Structure formats: C-alpha cells, structure tokens
Amino acid sequence: MQPRLIYVHGNGNKVRSELLKSQWDTALFGRDMGDSSRMAYWAALRYERPLPDHRPDPLQGGPVDGVPLEAEGRAAPVEFETPEEFVARTLGEARFEASGIAPESVPGTGEVKCALSEWLLEMTYLGDTLAETEETGQGTQLPLEALPLPRTARKAVFRQLVKHTYRDVHAYFFGGAGAAIRGVVKGALEGLDGAPLAVVGHSLGSIVAYEVLADEDRDVELFVTLGSPLAITEVQDHLAKPPAVPSGVRAWRNASDLRDLVALDHTLRPEYAPVEKVTDLLVTNDSKNHHGISEYLGNPQVREPFQRMFSRLA
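## Things to note about helix 4 (residues 151–174)
With 24 residues, helix 4 extends 34 Å between its outermost C-alpha atoms, agreeing within 8% with the 34 Å of an ideal straight helix rising 1.5 Å per residue. Here helix 4 lies mainly inside the structure; 19 of its 24 residues are buried. A positive backbone phi angle near 85 degrees is found at Gly 176, which sits one or two residues after helix 4.

## Quick notes on the pairing of strand 4 (residues 222–226)
With five of its five residues buried, strand 4 lies for the most part within the structure. With burial as the criterion, each face of strand 4 is covered, one bearing Leu 222, Val 224 and Leu 226 and the other bearing Phe 223 and Thr 225. Bridging between strand 3 (residues 197–202) and strand 4 involves five bridges; their strand directions are parallel. When the bridges of strand 4 are listed, His 202 appears paired with Leu 226.

## Remarks on the packing of helix 1 (residues 17–29) against helix 9 (residues 300–309)
One can describe the packing of helix 1 onto helix 9 by two numbers: an axis separation of 9 Å at closest approach and a directional angle of 95 degrees. The orientation of helix 1 with respect to helix 9, classified from their angle, is roughly perpendicular. Only Val 302, Arg 303, Phe 306 and Gln 307 of helix 9 make contact with helix 1, whose side of the interface consists of Ala 27, Leu 28 and Phe 29. Residue classes in the contact of helix 1 with helix 9 are distributed as five nonpolar, one polar and one charged.

Calculation notes
Residues numbered from 1 in each chain as written. Predicted model: local features only at pLDDT ≥ 70, side-chain atom pairs only at ≥ 80, totals over all residues. Heavy atoms only, no water. Helix = DSSP H or I, 4+ residues; strand = E, 2+ residues; numbered from the N terminus. Expected span 1.5 Å × (residues − 1). Buried < 20%, exposed > 50% of the residue type's maximum accessible area, 1.4 Å probe, protein only. Pairing = 2+ DSSP bridges. Axes fitted to C-alpha atoms, helices over the stretch in contact; angles between N-to-C directions. Parallel < 35°, antiparallel > 145°, perpendicular 65-115°, else oblique. Contact = heavy atoms within 4.5 Å. Nonpolar A, V, L, I, M, F, W, Y, C, P; charged D, E, K, R; others polar.

Structure, rendered in structure tokens:
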C-alpha cells in the first residue's frame with residue numbers, strides 16, 4: 001500500500017483545511033500530495049471561521065494587528081506591560097475562556113497561578129530577551145539574519161505567539177477542548193490500517209498527535225514533532241499517560257529552533273523511552289517568531305526521511 005501522511009496543526013486560527021494541507025505539502029515536498037496526505041483540522045472547534053486565504057498567519061510570523069512591522073519609518077516606542085503583568089492578564093483571559101468568568105471578576109487575577117504559569121512566564125521572558133538581542137544578532141546560538149523589524153514589532157510578534165499558544169494549550173488541558181481535538185485526529189486516521197503511516201505534529205498539534213498515538217495501538221513508521229512543548233515539565237505533568245514513545249511508533253524525530261519560545265526545552269530523548277527511537281534535531285527556523293511551520297517543514301533534516309518514505313510516489 002502507498003504511504004500516507006497525517007498533519008496535525010498547532011495553535012491559533014488557520015486558513016481553510018484544504019489550503020492549509022496544500023501549504024504543508026508544498027513546504028515539505030514541493031507539491032500537493034493529493035490523497036496521500038490529510039490535515040487533522042481542529043481550528044474549527046475553537047474559531048468561528050477560518051483566516052482569509054491570503055492573510056499571513058500571525059502565529060507563523062505574519063503581521064500583528066495594530067503594530068507596524070515595516071523596517072522603514074520606525075514607529076514611536078509602544079509601552080508594553082511588564083512580563084509579570086502580561087502573564088497575569090493572559091492567565092486571567094485563559095480562565096475566562098475556560099469558566100466564563102470575566103478576568104476582572106476573578107479574585108487575585110494578578111497573582112493567580114496555574115500548572116502552566118511557569119512555562120508562560122519563561123516563554124515571555126525569552127521572547128522579550130530575543131526582541132532585545134536579535135537587533136544586533138548577539139546572544140543567540142544559531143546563525144541568523146537580523147529580522148527586518150523594529151524592536152517594538154518583534155516584541156509584539158513574540159507576545160502574540162506566547163499568548164495564543166498558552167491559551168490554546170490551556171483550553172486543551174483545562175478548558176474542555178481536549179477530547180474534541182483528539183477526536184479530529186482520530187477521524188483523520190480512520191481507514192488507513194495497513195498503510196505505511198507518517199504523522200507530523202506542530203506546536204500544540206504535537207501534543208494532540210502524541211496523546212492520540214499513545215492511546216491507540218497503531219503502527220507509525222515515522223512520527224515528527226516540530227516546535228513541540230512535549231519536553232516541558234508542566235506539559236508532561238498533564239499528559240494522560242507518563243511520557244514514553246507510543247508503542248507503535250518506530251522512529252520519532254523532534255526538531256526545534258533554540259529561539260522557538262514554544263519548544264523552550266528542546267530534548268525529548270531523556271524523558272521518552274526507549275531513547276533509541278528518539279532523535280532530537282536543532283534546526284534553524286528563520287520565520288519572524290522562529291516557530292513557523294513552513295520553515296520547519298522546508299528544513300533538509302526534516303524533509304529527508306519523508307522524501308525517502310514517499311519516493312515511490314514521485
């Protein structure tokens with residue numbers, strides 16, 4: 001049987017499903033793969049309508065509403081909340097989404113803590129640090145070209161990523177969205193028994209794909225996670241099962257950029273046994289927020305095993 005590929009997208013709203021699948025196909029293979037690939041499209045569970053076809057996704061480094069991203073004519077400095085204020089507001093918003101209680105009605109919102117708050121704070125500090133250092137290219141461990149953005153815009157890009165990542169992950173674990181999102185992935189896997197199978201999960205999608213594969217006895221030739229938070233302790237604490245390579249997965253490749261705020265911890269191998277099945281890859285992702293899916297899928301180290309697996313379809 002011909003190999004099949006399942007994509008599981010990450011945080012935030014997306015363009016319509018068939019266009020998103022084609023975009024991922026093109027980034028990974030250079031062409032649309034037709035029926036050989038499927039997108040497990042769960043954005044419709046969280047967002048009323050998809051993004052317009054030609055609007056760049058803000059969570060993939062596209063423009064952030066209200067903040068000019070042009071290099072020319074830099075805007076006057078924008079006042080940003082301190083990291084602690086930003087974290088407190090984001091925590092309150094997430095609790096509002098989960099409970100229906102307005103953030104300002106929640107006693108002690110400014111001091112509230114939850115199981116993922118340390119991860120949220122670390123993401124915020126890393127994003128603010130990158131916004132300061134990338135203007136000169138100092139303080140990073142990978143070669144990069146300085147982003148053509150004023151510092152204010154870079155901070156807005158990173159904070160947009162942090163806020164939406166946290167709120168969607170919070171909704172998945174604590175807001176009642178998890179079962180329905182996993183159901184979308186299970187539906188995408190239906191009818192593929194016996195076909196050589198590959199699964200790709202990006203960002204929150206890597207958590208969803210992992211939990212589905214851990215719960216099903218399904219042979220998966222290649223499992224790839226990109227910009228994944230699965231190495232984060234607070235995330236591992238809320239997985240349905242203790243961290244381990246799903247029994248049916250033959251090879252797991254985990255790729256991240258050291259500047260990717262969502263990944264934060266970049267090594268799955270020490271925590272997910274058997275370790276010989278796991279390969280951690282540090283790659284360069286030069287999207288505006290270093291988390292963009294097209295840049296991950298286009299990386300040669302990510303593409304190589306897929307091209308071997310799907311070479312018979314060329």
